[in-house]
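If you want the building blocks of each chain, they are given just below.
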Amino acid sequence: MSQSAKAVLRARMRRRRRDLAAQGPDAAIRAAGLIPEALLGIGVVAGYAPLGDEFDPGPVMRCFAEAGARLARPAVRDSHGGLDFHLWREGDPLSPDALGVPSPLLTSEHVFPELVLAPLLAFDRHGGRLGQGGGYFDRAIAGLRARGPLIVVGLAFAGQEVEEVPLEAHDARLDAVLTEDGYVEFG
């Protein structure tokens, strides 16, 4: 798929996500109740700061924290795409990172999460993920997977599912997706 076709899909999915967010303000709370028990024993879980109408990871992250996980959030350290994860607790101070996204202070402990909750515009039943197009999460996921086992769970509204996400060689696949309708693992 050409970059222009991906741009068209991104625009369409941004509109769809905006509509889904307006129709389902309680979706994140519903999704939090559907986290598989087996995942709740993971030690370090990374979420993200939701931008605009992105699926809010807050309720899901709170469930992990209540189960004893240490939480982390990403921080983009430079405009060249370096994204690191830093420990974060609800209420900790945040500061704009290199992209202006509210992120943990770069002086907070750098960690390597075992589970990453990933934002997305679209997903498919093969683990395909369409992100915003900057590649930050794809590069970070590739680096984490090179270090060892990692579970990547996309957070989305169920209506963000498409038949097929066009993937390129550098695109990281999801291991599962969590929506307000359920949790689905991909082979």
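For the structure, check the block above.
One numbering rule holds for all chains: residues counted from 1, following each sequence as written. Local features in this predicted model are restricted to residues whose pLDDT is 70 or higher, and side-chain atom pairs enter the listing and the counts only when it is 80 or higher, whereas totals over whole chains, interfaces and linings include all residues. As a convention, hydrogens and water are excluded, and side-chain values are obtained from all of the structure's heavy atoms.

Turning our attention to the overall build of the protein chain. What the protein chain contains, in helices and strands, is four helices and 12 strands. Computed over the C-alpha atoms, the radius of gyration of the protein chain is 15 Å, within 12% of the 16 Å expected from 2.2 N^0.38 for a compact globule of 187 residues. With the C-alpha coordinates aligned to their principal axes, the bounding extent of the protein chain is approximately 40 × 35 × 30 Å. A simple rule labels every residue: compare its accessible area, found with a 1.4 Å probe on the protein chains alone, to the largest value its type can have, and call it buried under 20%, exposed over 50%, or partly exposed in between. When burial is assessed residue by residue, the protein chain has 50% of its 187 residues classed as buried. The contact definition used throughout considers only heavy atoms, calling two residues in contact when any of these lie within 4.5 Å. Put simply, 68% of the contacts in the protein chain that link residues at least 6 apart link residues at least 24 apart. Surface summary for the protein chain: the accessible area is close to 9,100 Å², and the carbon and sulfur share equals 52%. Positive charges are assigned to Lys and Arg, negative charges to Asp and Glu, while His and the chain termini are left out of the count. Lys charges are placed at NZ, Arg charges at CZ, Asp charges at CG and Glu charges at CD. Of the charged side chains in the protein chain, 20 are positive and 25 negative, and the gap between their average positions amounts to 4 Å. Here a strand is any run of E in DSSP of at least two residues, a helix any run of H or I of at least four, and the numbering for each starts at the N terminus. For the radius of gyration, the atom set is restricted to C-alpha positions; the globular benchmark scales as 2.2 Å times the number of residues to the power 0.38. Each accessible area is a Shrake-Rupley result for a 1.4 Å probe, and residues are judged covered by the shown protein chains and nothing else.

We now examine the side chain of Thr 179. Along the chain, Thr 179 turns up in strand β11 (residues 176–179). Using a relative accessible area of 5% as the deciding quantity, one classes Thr 179 as buried. Polar contact is the term for a pair of N or O atoms within 3.5 Å; when the atoms are in protein, one must be able to donate a hydrogen and the other to accept it, and sequence-neighboring residues count only if both atoms are side-chain atoms. Within polar-contact distance, the side chain of Thr 179 engages the backbone nitrogen of Asp 181 at 2.9 Å. Discounting residues that sit within four places of it in the chain, Thr 179 has contacts with Ala 31, Leu 34, Phe 123, Ala 156, Phe 157 and Ala 158.

Right, let's talk about empty space enclosed by the protein for a bit. With a 1 Å grid laid over protein atoms only, a set of points is called a cavity when a 1.4 Å probe fits there but cannot get out and a pocket when it is open yet has protein on both sides within 12 Å along at least five of seven lines; lining residues have an atom within 4 Å of a point. Grid points are joined across faces, edges and corners, and a volume is the space filled by probe spheres set on the points. Tallied over the entire structure, the rule returns one cavity of 30 Å³ or more. Considered as a void within the structure, the largest cavity measures approximately 40 Å³ in volume. What lines the largest cavity is simply Ile 35, Pro 36, Leu 39, Val 60, Phe 64, Leu 115, Leu 117, Val 153, Leu 178 and Tyr 183. Of all elements in the fold, only α3 (58–66) and β7 (115–118) reach the threshold of two or more residues within the lining of the largest cavity. Amino acid classes used here: Ala, Val, Leu, Ile, Met, Phe, Trp, Tyr, Cys and Pro are nonpolar; Asp, Glu, Lys and Arg are charged; the rest, including Gly, are polar. Looking at the lining of the largest cavity residue by residue, the class counts come to 10 nonpolar, no polar and no charged.

Taken as a whole, the largest pocket holds about 630 Å³ of empty space. Together, 38 residues line the largest pocket, and Arg 129, Gln 132, Gly 134, Tyr 136 and Phe 137 are the ones closest to its centre. At the level of elements, α1 (3–23), β2 (70–76), β5 (102–104), β9 (129–130) and α4 (136–147) are the ones that each hand at least two residues to the lining of the largest pocket.

What follows is about the pattern of salt bridges. Throughout this description, the term salt bridge denotes a Lys or Arg side-chain nitrogen within 4 Å of a carboxyl oxygen of Asp or Glu. Enumeration over the complete set of coordinates arrives at 11 salt bridges. Arg 17 is the partner of Asp 53 in a salt bridge, and the nearest nitrogen-oxygen pair spans 2.9 Å. Note that Asp 53 is positioned in the loop between β1 (44–46) and α3 and Arg 17 in helix α1, a separation of 36 residues in sequence. One exposure class covers both Asp 53 and Arg 17, and it is buried. In this structure, Asp 138 engages Arg 129 in a salt bridge whose closest nitrogen and oxygen atoms are separated by 3.7 Å. The two residues Asp 138 and Arg 129 agree in class, both being buried.

Moving on, we get to α4. The terminal C-alpha atoms of α4, which comprises 12 residues, lie 17 Å apart, in line with the 16 Å expected from a rise of 1.5 Å per residue. Contacts made by the buried residues of α4 are with β2, β3 (83–87), β7, β9 and β10 (151–155). Following α4 by one or two positions, Gly 148 adopts a phi angle in the positive range, close to 160 degrees. What a helix should span is 1.5 Å times the count of its residues minus one.

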